[in-house]
Amino acid sequence: MQMLRDELELRRKTEIHEVEERKNGQINMLMQRHEEAFTDIKNYYNDITLNNLALINSLKEQMEDMRRKEDHLEKEMMEVSVQNKRLADPLQKARDDMSEMQRKVGNYERDKQVLLCTKARLKVTEKELKGLRWEHEVLEQRFLKVQQERDELYRKFTAAILEVQQKVGLKNLVLERKLQALSAAVEKKEVQFNEVLVASSLDPAALTLVSRRLEDVLESKNNTIKDLQYELARVCKAHNDLLRTYEAKLLAFGIPLDNVGFKPLETAVIGQTLGQGPAGLVGTPT
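Now for a quick tour of the structure. (Residues numbered from 1 in each chain as written. Predicted model: local features only at pLDDT ≥ 70, side-chain atom pairs only at ≥ 80, totals over all residues. Heavy atoms only, no water.)

As for the overall build of the chain
The number of helices and strands found in the chain is two helices and zero strands. When the 286 residues of the chain are sorted by exposure, 11% land in the buried category. In the chain, 75% of the contacts between residues at least 6 apart in sequence involve partners at least 24 apart. Here the chain has roughly 23800 Å² of accessible surface; of this, 58% comes from carbon and sulfur atoms. (Helix = DSSP H or I, 4+ residues; strand = E, 2+ residues; numbered from the N terminus. Buried < 20%, exposed > 50% of the residue type's maximum accessible area, 1.4 Å probe, protein only. Contact = heavy atoms within 4.5 Å. Areas by Shrake-Rupley, 256 points an atom, 1.4 Å probe, with all protein chains shown as cover.)

A few points about the packing of aromatic side chains
Counted by the stated rule, this structure contains one aromatic pair. With centroids separated by 5.3 Å and ring planes inclined at 75°, the aromatic side chains of Y44 and Y45 adopt a geometry described as edge-to-face. (Phe/Tyr/Trp six-rings, centres within 6.5 Å; stacked < 30°, edge-to-face > 60°.)

A short note on a negative patch on the surface
A cluster of acidic residues, E15, E18, E20 and E21, forms a negative patch at the surface. Positionally, E20 belongs in helix α1 (residues 2-200). For E20, a relative accessible area of 38% corresponds to the partly exposed category. (Patch = residues over 30% accessible without salt bridge, like charges linked within 9 Å, V, L, I, M, F, W, Y side chains within 5 Å. Salt bridge = Lys/Arg side-chain N within 4 Å of Asp/Glu carboxyl O. Lys, Arg positive; Asp, Glu negative; His and termini not counted. Charge placed at Lys NZ, Arg CZ, Asp CG, Glu CD.)

Details of the pattern of salt bridges
Once their charged atoms are close, side chains differing in charge can pair, the charge on each being opposite to the other. One pass over the full model with this rule turns up six salt bridges. Where R67 meets E64, a salt bridge forms, and the shortest distance between an N and an O atom there is 3.6 Å. Placement of the pair is R67 and E64 together in helix α1, with a separation of three residues, close to one helical turn. Looking at R67, the relative accessible area reads 46%, which means it is partly exposed. The exposure class assigned to E64 is partly exposed, which follows from its relative accessible area of 37%.

Regarding the side chain of N107
Positionally, N107 belongs in helix α1. Side-chain polar atoms of N107 contact the side chain of R110, separated by 2.6 Å. (Polar contact = N/O pair within 3.5 Å; in protein donor to acceptor, adjacent residues only side chain to side chain.)

Regarding a nonpolar patch on the surface
A cluster of nonpolar side chains, contributed by I41, Y44 and Y45, occupies part of the molecular surface with about 340 Å² of accessible area. Tracing the sequence through the fold places Y45 in helix α1. With relative accessibility at 49%, the residue Y45 sits in the partly exposed group.

So this is what it looks like as structure tokens:
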């Protein structure tokens, strides 16, 4: 029993020693691992601390920079505020100008459409103007031609009127003298006839025969006088109609009657109404 106890005691001590050695080995291993972990942690945290210190220093520098920038920005903000206050009126004016320009842009678009329409109408008008100019040139040529014809007709009318006035005046004078001569001759014959009748003391039958013959002669002479008066009235009427035609032509060509240079004389028998009828007719005394 003692030997078994001693053997078991030895075995126990041996096993305890082995357990302790294993325990010490594990403790040493754990301590080594802990030391390594602590070293790693220490290094990690040292790195973190260094990084944090560097970050803090960097942040401090950034803060200083930010403060300086903030001070600078505050100064700039104050300057900008002052400048904004100073530019408020110009800004309002610019906004008003912009509104006005927008309105003008709207008006410009409308004016642009109107301008396009106006250009289209202008092309049509220019085409019409070209046609009117061509017609104007044609009318000018015709006008010059008509003006030349008018001047030539005016010259011919003037010459014809002067010639007709001279001829008609001379013919009227000749007819009036013939009429006066015939009237004087008739009066003279009547006086001579009365004297012959008084001197001859003819019988009533012979006196009646002579009277009839004398009446026939007087009637023939009166008819001759009437024919001469009618011819005179016809010539006066033709002269006056020619004057009316001449004046109408002058007015048709736009020539005032005052530009003729003389006033044509109308012919008429003094004391009678011959030559006063419508155109182509001769009014005779009733």
